Amino acid sequence: MTRQDSAAPAGSLSVQGPSNPGYNTNPVPVPVITQTDTRDKWSKKMDFLLSVIGFAVDLGNVWRFPYICYQNGGGAFLIPYIVMAIFGGVPLFYMELALGQFHRTGAISIWKHICPIFKGIGYAICVISLYVSFYYNTIIAWALFYFYSSFASVLPWTNCDNAWNTENCTNYFLKDNVTWNNYSRSPAEEFYTRNVLEIHKSDGLSNVGGVRWQLMLCLFLIFTIVYFSLWKGVKTSGKVVWVTATLPYVVLFILLIRGATLPGAWKGVVFYLQPKWEKLFETSVWVDAAAQIFFSLGPGFGVLLALSSYNPFTNNCYRDAIVTSLVNCLTSFMSGFVIFTMLGYMAEKRNVNVEDVARDKGPSLLFITYPEAIANMTGSTFFAIIFFVMMITLGLDSTFGGLEAIITAVMDEYPEYLAHRRELFVLGLVVVCFLGSLSTLTNGGAYVVKLLEEFGVGSSIIAVGFLEAIAVSWFYGITRFSNDIKSMLGYYPGLFWKVCWVAISPAFLAVSTTPAPLQLFDYKYPDWSITVGYIIGASSFMWIPIYMVYKLVWTPGSLKQVRPLMQRFSTGGSFPNCILAIIFRNANIGSRLRQPGSVWVPRVNQLRTWCCTVEVYIHLSQIHLNSVFHNS
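As a convention, each chain's residues are numbered from 1 in the sequence order in which they are written. Since the coordinates come from a predicted model, pLDDT governs what is reported: local features require at least 70, and pairs of side-chain atoms require 80 or more to be given and counted, while whole-chain, interface and lining totals use all residues. Where side-chain values are given, they derive from all heavy atoms of the structure, hydrogens and water being excluded.

Under an unreviewed UniProt entry, the name given to the protein chain is Transporter, and the organism recorded is Oncorhynchus kisutch. UniProt positions are given in the numbering used here, feature names are shortened, and annotations may be inferred rather than shown by experiment. What UniProt records for the protein chain under Subcellular location (unreviewed entry) is the sentence "Membrane". The record in UniProt for the protein chain states the following under Sequence similarities (unreviewed entry): "Belongs to the sodium:neurotransmitter symporter (SNF) (TC 2.A.22) family."

If you want it as structure tokens, here you go:
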């Protein structure tokens, strides 16, 4: 179906749709949300591509992938990583781009057109994005603190002669016969823990100490940049990403060349890529690969929905998904060489094995290990400056995407209040994010960052992504979704994509996380903090069942009207069958059963067999819930 040039009212439905020879010989009505003249649009195609790449390629590509790779078998880890990308990550990435481009709306209001009872997913996404902004921008503030500190002839984490150093500080560079024991601390480690964080002034989460005004000033500057990049919409953010999304690649290339010329660099590369094939038989390796590709590509955060909603209707989102996913994965792989050439150099200088200097992970890899290597190179000031500029720009891109997901979702849901007040709304959002980040700026702020990272995002976003995939593939229907793609691209998605969306990708999400003990440095989180973490995780996910209950209560009609149907479904006392009846009532399935070639027909036929009654089909076909489909 060709896109209409004339503007239609927001949320309007077209009754004309394409026919799908693969499913039915008759035309299938397809709802098409046409692009309105008032909605922002990307100025150029590259603005969109750079925004998506900038969001997907973040600090995790630099610190998480290299560590996960060498920990899980080196070069052998690339096998499960590629498999999980092909069958899990890329299909979900493609699905979100297509959904956002077709329905042209954010993560909340899009559920009016997919399955209204799952609208709570949109609210959960917004809450999770808020939690991310509370801690992620603090990490960027740390990088800005390092950036400022780098403007010195001698980098402050080079020696042990500073006020924050202790007797355990051991500088092994340019010295012979240096004794290194379990209590030894490098100058870079003490600079990070005792000068940047001042974590020694905190007893843990029970006493996080005061706010570090230096970090608060850094965070204020970060949010100022974020505000003026987002306040006018994609027309301003689309220009900013030309710098923030491309500069990291220039810096990575420079650091790669410099690292490759250092003595001992080859040791790091061998350690990074040397395959340990026996690791492939460990379940944890495949779970780590699934988690890495999911958090790297970023489906489920609502960002891809928001960014693609500003695309032209006929934009080739399939090609965009393949290109951006490939760029993301190659960036992660390239970052491993940048990191491990430096680790090989450090091992050469310490006269130890690479594994002895590759123990740091997460932010410590970027704020301790890598700065330590840079500090002892010729031209250390220059390389330190460009390295932390790269970190700041990598972080800013992801922040742009995360906050744009909230902005687009809320403004599309409440256009009557916010349509002409974007600048004010963005300002309010930035202020809320800044205030929510204050706890991460304290002496014990690193403990709060770790807690929010593990519980505010971890399992919650995977559960949200799982429900989103199920809602689109099984409730909205793979046939309808395929027709949507046909109306945009002119062809249907292949069998591979359909199988992934229906079965493989949801299974991929189901195994993407495993619980792990929570620990930072030598601090073990107390049991009460783990309970707080679960509460934080539940505070986002709870909006899904809450909205379901709200929808059931406030939808016109009553549960008594489906009691006979529920009784037939629950023959034999099966509680899940009762739940199925309620979900069917609120998923507008009755109207979809009447569509020629509907994918729900064979599924309901299966239920008829299971329930041993022909009347199930009759009752389902008589349910009318158009008000549920059209009302929020």
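Colleague: Report on the overall build of the protein chain, specifying residues and quantitative values.
Modeller: For the protein chain, the helix and strand inventory stands at 28 helices and two strands. Buried residues are those whose accessible area, probed at 1.4 Å on protein chains only, stays under 20% of the maximum for their type, while exposed residues exceed 50% and partly exposed ones sit between those limits. Evaluated residue by residue, the protein chain yields a buried proportion of 59% over its 632 residues. Pairs at least 24 apart in sequence give 82% of the contacts found in the protein chain among residues at least 6 apart. For the protein chain, the accessible area works out to roughly 25700 Å², and carbon and sulfur atoms hold 64% of it. Here a strand is any run of E in DSSP of at least two residues, a helix any run of H or I of at least four, and the numbering for each starts at the N terminus. Throughout, a contact is declared for two residues whenever any of their heavy atoms are within 4.5 Å. Accessibility throughout is a Shrake-Rupley quantity obtained with a 1.4 Å probe, and a residue counts as covered only by protein chains that appear here.

Colleague: Give a description of the environment of E453 that names residues and reports values.
Modeller: Inspection of the secondary structure puts E453 in helix α19 (residues 445-489). On a C-alpha basis, the gap between E453 and Y136 in space is 8.4 Å, while along the polypeptide they are 317 residues apart. Discounting residues that sit within four places of it in the chain, E453 has contacts with W63, Y135 and G458.

Colleague: Lay out the packing of helix α5 (residues 120-149) against helix α18 (residues 422-436) with the relevant residues and their values.
Modeller: To get an axis, fit a line to the C-alpha atoms, keeping to the stretch in contact for a helix; angles then go from 0 to 180 degrees between the N-to-C directions. Where α5 meets α18, the closest approach of the two axes is 8 Å, and the angle between their N-to-C directions is 60°. Between α5 and α18, the angle is such that the two are oblique. For the crossing formed where α5 meets α18, the hand is right-handed. Every residue of α18 that contacts α5 at L130, S133 and F134 is listed here: L429, V432, C433 and G436. Roughly parallel here means an angle under 35 degrees, roughly antiparallel means over 145, roughly perpendicular means 65 to 115, and every remaining angle is called oblique. Handedness of a crossing follows from how the near helix is turned relative to the far one, being left-handed for an anticlockwise turn of less than a right angle and right-handed for a clockwise one.

Colleague: If you had to explain the environment of A260 to someone new, which residues and values would you point to?
Modeller: Here A260 shows up in helix α9 (residues 247-260). Residue classification places A260 among the exposed residues on the basis of a relative accessible area of 54%. Between the alpha carbons of A260 and Y345 there is a distance of 9.4 Å; along the sequence they are 85 residues apart. For A260, the contacting residues outside a window of four places in its chain are A265 and T341.

Colleague: Would you mind going over the packing of aromatic side chains in detail, with residue names and values included?
Modeller: Paired rings are identified among Phe, Tyr and Trp, the last through its six-membered ring, by centres lying within 6.5 Å, and are further divided according to the angle between planes into stacked (under 30 degrees), edge-to-face (over 60) and tilted (the rest). Inspection of every chain in the model, using the stated rule, returns 53 aromatic pairs. The interplanar angle of 40° and the centroid separation of 4.4 Å between the aromatic rings of Y447 and Y523 together place this pair among those described as tilted. Taken together, the residues span a long stretch of sequence, with Y447 in helix α19 and Y523 in strand β2 (residues 523-524) at a distance of 76 residues. Of the two residues, Y447 and Y523, both sit in the buried class. Members of the aromatic cluster, connected to one another through ring pairs, are W142, F145, Y146, W157, W164, F191, Y192, F367, Y370, F387, F388 and F521. Two conditions define a charge located above a ring, namely a distance within 6 Å from the ring centre to NZ of Lys or CZ of Arg, and an angle within 35 degrees of the ring normal. The ring centre of W231 lies 4.8 Å from the NZ or CZ of K232, which sits over that ring. Across from the ring centre of F271, 5.7 Å away, lies the NZ or CZ of K276, which sits over that ring.

Colleague: Account for the confidence of the model for the protein chain, with residues named and values stated.
Modeller: For the protein chain, mean pLDDT is 81; residues scoring 70 or higher make up 79% of the total. Segment residues 604-632: pLDDT under 50, and 55 contacts once partners within four positions in sequence are set aside and those in other chains are kept. Looking at any residue, its pLDDT shows the predictor's confidence there, from 0 to 100.

Colleague: Summarise the nonpolar core; cite the residues concerned and give the values.
Modeller: The term nonpolar core refers to a set of buried residues drawn from Ala, Val, Leu, Ile, Met, Phe, Trp, Tyr and Cys, joined through side-chain atoms within 4.5 Å. Grouped together as the largest cluster of nonpolar side chains are 179 residues, with contacts concentrated most on Y94, W142, W157, L366, F367, F387 and F481. Among the elements that make up this core, the one with the highest residue count is α19 (23 residues). Each residue touching W142, except ones within four places of it in the same chain, is listed here: Y192, V196, L197, L215, P363, F367, A446 and V449.

Colleague: Explain the side chain of R422 to me, and be specific about the residues and the numbers.
Modeller: Along the chain, the position of R422 falls in helix α18. Nitrogen and oxygen atoms within 3.5 Å of one another constitute a polar contact, given that in protein one can donate a hydrogen and the other can accept it, and given that sequence-neighbouring residues count only through two side-chain atoms. A distance of 2.9 Å separates a polar atom in the side chain of R422 from the backbone oxygen of L230.

Colleague: Describe the side chain of N315, naming the residues involved and giving the relevant values.
Modeller: Note that N315 resides in the loop between α12 (303-308) and α13 (317-350). We classify N315 as buried; its relative accessible area is 9%. Not counting residues within four places of it along the chain, the set of residues in contact with N315 comprises K45, Q101, D320 and L489.

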